[in-house]
Structures are given as structure tokens and as C-alpha cells.
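# Residue-level structural notes
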Amino acid sequence: MATLLAIETSCDETAVAIVKNCHVCSSVVSSQILIHQCYGGVVPEVASRQHLETINPAIAQALSEAKLGWGEINAIAATCAPGLVGALLVGTTAGKTLAMVHGKPFLGVHHLEGHIYATYLTEPTLEPPFLSLLVSGGHTSLIHVKKCGDYQTLGETRDDAAGEAFDKVARLLQLGYPGGPIIDKLAQEGNTKAFTLPEGRISLAEGGFHPYDTSFSGLKTAVLRLVQQLEAKDTPLPVTDIAASFQNTVAQALTKRAIACALDYGLETIAVGGGVAANSALRSHLTAAASKHNLRVIFPPLKFCTDNAAMIGCAAAEHFEQGHTSPMSLGVHSRLSLNKVMELYEL
Ligand code: KG4
Ligand code: ZN
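Remember, it's a predicted structure, so these values are computed and weren't measured experimentally.

Right, let's talk about the coordination of the zinc ion (ligand 2) for a bit. Ideal geometry at a metal centre: 109.5 degrees between donors when four sit tetrahedrally, and 90 or 180 degrees when six sit octahedrally. Of the protein atoms, only His111 (NE2), His115 (NE2) and Asp307 (OD) coordinate the zinc ion (ligand 2), at distances of 2.0 to 2.1 Å. Around the zinc ion (ligand 2), the four donor atoms are arranged such that angles at the metal cover 96 to 131°; this shape is classified as tetrahedral. Counting the intervening residues between successive donors of the zinc ion (ligand 2) yields the motif H-x3-H-x191-D. Here the residue His111 occupies a position in helix H4 (residues 111–117), and Asp307 occupies one in the loop between strand E10 (296–298) and helix H10 (310–321), the gap between them amounting to 196 residues. For the pair formed by His111 and Asp307, the shared burial category is buried.

We now examine the site of ligand 1. Neighbouring residues of ligand 1: 20 residues in total, closest Gly137, Asp167, Gly180, Asp184 and Asp307. Note that an oxygen atom of ligand 1 is positioned 2.7 Å from one of the side-chain N or O atoms of Asp167. In this structure, Asp307 approaches ligand 1 through a main-chain N or O atom, which is 2.9 Å from an oxygen atom. In isolation ligand 1 has 560 Å² of accessible area, and contact with the protein removes 88% of it. Looking at the shell around ligand 1, the elements with two or more residues in it are H4, helix H5 (162–172) and helix H6 (179–187). With four residues, the top contributor of residues to the shell around ligand 1 is H6.

So, on to the nonpolar core. Counting residues in hydrophobic clusters, the biggest one holds 63 residues, and the most contacted among them are Leu4, Leu5, Ile59 and Ile116. When residues of this core are assigned to their parent elements, the largest contribution, seven residues, is made by H10. Each residue touching Leu5, except ones within four places of it in the same chain, is listed here: Val16, Ala17, Ile18, Ile59, Leu63, Trp70, Ile73, Ala75, Ile76 and Ala77. Listed in part, the 48 residues of the second largest apolar core include Val223, Ala251, Ala290 and Val297.

Further remarks concern the environment of Asp184. Turning to its location among the elements, Asp184 is positioned in helix H6. We classify Asp184 as buried; its relative accessible area is 12%. Distance in space between the C-alpha atoms of Asp184 and Thr214 is 20 Å, their sequence separation being 30 residues. Once you skip the residues sitting within four places of it in the chain, Asp184 turns out to touch Gln247, Ala278, Asn279 and Ser280.

Calculation notes
For every chain, the first residue of its written sequence is number 1, and the numbers climb from 1 along that sequence. For this description, chains carry letters from A and ligands carry numbers from 1, given in the order in which they are written. Two thresholds apply to this predicted model, a pLDDT of at least 70 for residue-level local features and 80 or more for giving and counting side-chain atom pairs, whereas whole-chain, interface and lining totals are computed over all residues. Side-chain calculation: all heavy atoms of the structure are included, whereas hydrogens and water are not. Coordination partners: N, O, S within 2.8 Å of the metal, 3.2 Å for Na, K and Ca; water not considered, so apparent gaps in a site are possible. Square planar and octahedral sites, with four and six donors, are those where opposite donors lie more than 155 degrees apart and all other angles lie between 65 and 115, tetrahedral sites have four donors with every angle between 85 and 135 degrees, and the rest are irregular. We count a stretch as a helix when DSSP gives it H or I for four or more residues in a row; a strand needs E for two or more, and each element gets its number in order from the N terminus. Only protein chains enter the accessibility calculation, which uses a 1.4 Å probe. A residue is then buried if its area is under 20% of the maximum for its type, exposed if over 50%, and partly exposed in between. Throughout, near means a residue has at least one heavy atom within 4 Å of the molecule or strand. In the analysis that follows, any N or O atom pair within 3.5 Å is treated as a polar contact, provided that within protein one partner can donate a hydrogen and the other can accept it, and provided that, for residues neighboring in sequence, both atoms belong to side chains. In these tables, accessible area is a Shrake-Rupley quantity obtained with a 1.4 Å probe, and a residue counts as shielded only by the protein chains included in the view. We define a nonpolar core as any set of buried Ala, Val, Leu, Ile, Met, Phe, Trp, Tyr and Cys residues linked to one another through side-chain atoms lying within 4.5 Å. Contacts are assigned to residue pairs that have any heavy atoms within 4.5 Å of one another.

As C-alpha cells, then:
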């Protein structure tokens, strides 16, 4: 069993974890949320500078919490795509430097592959093929996971990602950032049927609708119009009801597409990943629908839904087991399609 030290710095969390295959020995996540909150979103330059300050203490803390020394680490991994270039550079430079100093192999990891592999922290014996529902701040995709490194995107968002929709709706309700957890909490007190909102469907040229793609920008605009109408009446805004109705609409749209896709492709397991996998409505809708269709659904443990390094360690462990390592010349990429993952490795 290989032990890996993994680093994640693609956005606004400086995260370091040590994983022994899919067992987490330590996981440190230093969030920059409070720093970016006043801007209403992540400021790339501020994020890079903060990663620089936090990375070395986070590495030291991960080693100390795992009670391990460099001699017991078999390889070092770091997220190298996609994400903010300056932020990615801090993590990959730290990872490569440590790999050179301590004479260890280095693996660059695709951030989305990390979110796919986060489900292995719940179910370490999961075997492909399965369907991954990847729902984060930047992505909303249905991915056919054929084997480690072999992914086919079957559906995706045509505009906003699910997490982005939560963040934008929270901003227009003046609730703060990131919006997902705040809306989730407020929705507990609200009525999901208070307002009927559009699910957002993609029309096909030949008629009908795309069965797996999503669109959340119309839903966001519908919430904006609703807020404007309610404000014009000069009564207090029913924020909990709006939150519950919006969240329910997103959960239903994602559930419907994931179930249809799994059934059409004969995939018996749906593995959910990304920050929105923490959403309580998505968890309950998808679990209920999956059991109705005899499908299995796996969510990562709550704390490993949002960005962390344990999931990067899990994906890297799988590649390391297959003999994949990255060259020290590996660069970082702000965008990289999942079907180019194998370009990160020398075989
Ligand atoms: O995966 P993640 O940490 O970062 C990206 O790779 O994007 O996801 C962050 C996103 C944010 O948009 C946040 O609002 C959303 O996940 N999120 C949630 C919840 N917790 C985080 N959305 C809905 N419900 C939640 N409980
Ligand atoms: Zn992420």
C-alpha cells in the first residue's frame, strides 16, 4: 500500500493530505473564504499570495498529524489543472521541489479526477465502470468512468455550473459567499413548493430536449425576476421559501438527468462529487430516486465534497498503482479536458 502526500491549491483552499491508498492519515484544509468574502468571490492574485504563506505550515501539519516522516512517503502529488494558474503554480512548485529534495516520484493530478475519486473515501472498493455526477463551483457534468484515466463526458451544463448558480442566487439575495451552504441551511426552514421555478432545459434542433445537459442561467434570472416582483410589493422577502424552491429545482434537475443517464448507459452506480454533493436536497432526492430504480448512489463524506487534498491523494494513488508518474517539466493548465488526463503522465 503506497502512502502519498497530496497538495491542492487550485482555487481558494490550501490543502495538504496524507493518504494510504484511500485511507486518510491526515487532511489539512486552510480556507481563504474569509479573505475573499468581502469581494463576493475569489480574487486570483490574493489567492496565490495566500497559498504561498500557508503551504509550508500546512505540509508540516499534515506530516505531524499523520505522525509520519519523509521516509514513509512513497510519492508526492499536486493538482496541476484546471484552476487559477498562479494558485496551481504554488502547489505544483511545492510538490515538485519536495519530490526532488526527498527523491520521490511526482504526480500531477486533474482537479476533477480528484472530485471523482472523493467517493473512494466512502467506498474504497468501488470498481469502474460507474457514472460520476460532478457538481462543483466550476463544473456540472455527467461522466462515464470507464477506468482510471478513461473518462467520457455524457452531459454538462450549457451555462452556469450548479455551485455557481447557488453562489449567484445567494449574492442576489444578499446572503454572502459561498452561497451553497447558506442556501442549504436557510432552505431547511422554507417551503419547497412556495414558488414554481423553471428547471432549464436544452432544446434539440430536431425537437425534444437534451436528456443529460443542464442550464441554470434561466433559473437564476427567474429568481432575480421573482425577487424584483416581491420587492416591488414592499413586503419582507420570503428568503427561506425562495431558497427552498430554488434548491429543490436544482436538486430535481440534477437527479432527473443522472438517473436517466445511468439507466440509458446501463451503469448501476452513481458516484457524486464536488461541493454541491454536500447539498441536503440533492442527497435526499438522488438517494430516493436511485433506490426506486435499483441503482446505487455514493456520496463522499461531507467534509470531502468541497475542495480538499485527500481526494487528490486518492486519484494519485490510483495512477501510482498503475505505474503512472509525471515529468518534473509538467506545467499547469487553467483548463484541461478530462479526456486529456493521461497527458499528465509518462507511462
Ligand atoms: O468543489 P468545490 O469546493 O470547488 C470547486 O471545485 O468549484 O465547490 C464549491 C461550490 C461552491 O459553489 C459552493 O457554493 C458549493 O460548492 N457548495 C454547495 C454546498 N456546499 C458547497 N452547494 C450547495 N449546497 C451545499 N451544501
Ligand atoms: Zn473543486
